[in-house]
Amino acid sequence: MGYKAEARRLAAVCMILAAGVSLSACGGEAKAAGTPAAPLTASAESSVSGYEGWWNSTPADGKTAGLPQEAVAVNTRTNTVVDAFSRRINDAGRATLITDVPYTVVPDPSWPADSVIIIDTATNKVIEDFRVDLDGNPLR
């Protein structure tokens, strides 16, 4: 199994295990992959919000080689950044704010409509996408 597939599997297992656990560092909310933790806002003052998945998880062994160091989530309806992630900032003990990761969205016609896309800022490549409703909630 490739590293990326193993990282996805590990992230999924961790999310399932965390679902029943109250995570005090995350405001007491357990979050499933690709699920917003709280209403998404562009406010820098928002507490925990955004999407979680393999791109912003850390394997149990702590090895993050090959995983994005920084990523943004872009809503393709509005072409705006709705979430950001920085390993450097998170490893320093604080949540990443959207304003911490300066990123200029350049819409691409190949992006899936009505979705949130996750972009690795180092490569500017879409590394994940999922359809969302008008409120940004993932569609299953």
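See above for the structure.
The structure contained in this document is the topic of the report that follows. These figures come from a predicted structure and were not determined experimentally.

Time to look at the environment of Trp55. For Trp55, the location among the structural elements is in the loop between helix H1 (3–18) and strand E1 (70–75). With relative accessibility at 5%, the residue Trp55 sits in the buried group. Sequence separation between Trp55 and Ile118 is 63 residues; the distance between their C-alpha atoms is 8.1 Å. Once you skip the residues sitting within four places of it in the chain, Trp55 turns out to touch Pro68, Ala71, Phe85, Arg87, Ile118, Ile127, Glu128 and Phe130.

Under the definition given, this model contains one cavity of 30 Å³ or more. Forming the boundary of the largest cavity are Tyr51, Trp55, Asn56, Ala71, Val72, Ala73, Asp83, Ala84, Phe85 and Ile118. Looking at the lining of the largest cavity, the elements that each hand over two or more residues are E1 and strand E2 (80–86). For the lining of the largest cavity, the class distribution of residues is eight nonpolar, one polar and one charged.

With 12 residues, the main nonpolar core is built from Tyr51, Trp54, Trp55, Leu67, Ala71, Ala73, Val82, Val116, Ile118, Ile127, Phe130 and Val132. Counting only elements with at least two residues in this core, the list comes to E1, strand E3 (115–120) and strand E4 (125–131). Counting 11 residues, the second-largest nonpolar core is a separate cluster that includes Val74, Ile98, Val101 and Val105.

Rules behind the numbers
- Residues numbered from 1 in each chain as written.
- Predicted model: local features only at pLDDT ≥ 70, side-chain atom pairs only at ≥ 80, totals over all residues.
- Heavy atoms only, no water.
- Helix = DSSP H or I, 4+ residues; strand = E, 2+ residues; numbered from the N terminus.
- Buried < 20%, exposed > 50% of the residue type's maximum accessible area, 1.4 Å probe, protein only.
- Contact = heavy atoms within 4.5 Å.
- 1 Å grid on protein atoms, 1.4 Å probe; cavity = no way out; pocket = protein on both sides within 12 Å on 5 of 7 lines; lining within 4 Å.
- Points joined across faces, edges and corners; volume = space filled by probe spheres on them.
- Nonpolar A, V, L, I, M, F, W, Y, C, P; charged D, E, K, R; others polar.
- Core = buried A, V, L, I, M, F, W, Y, C linked by side-chain atoms within 4.5 Å.

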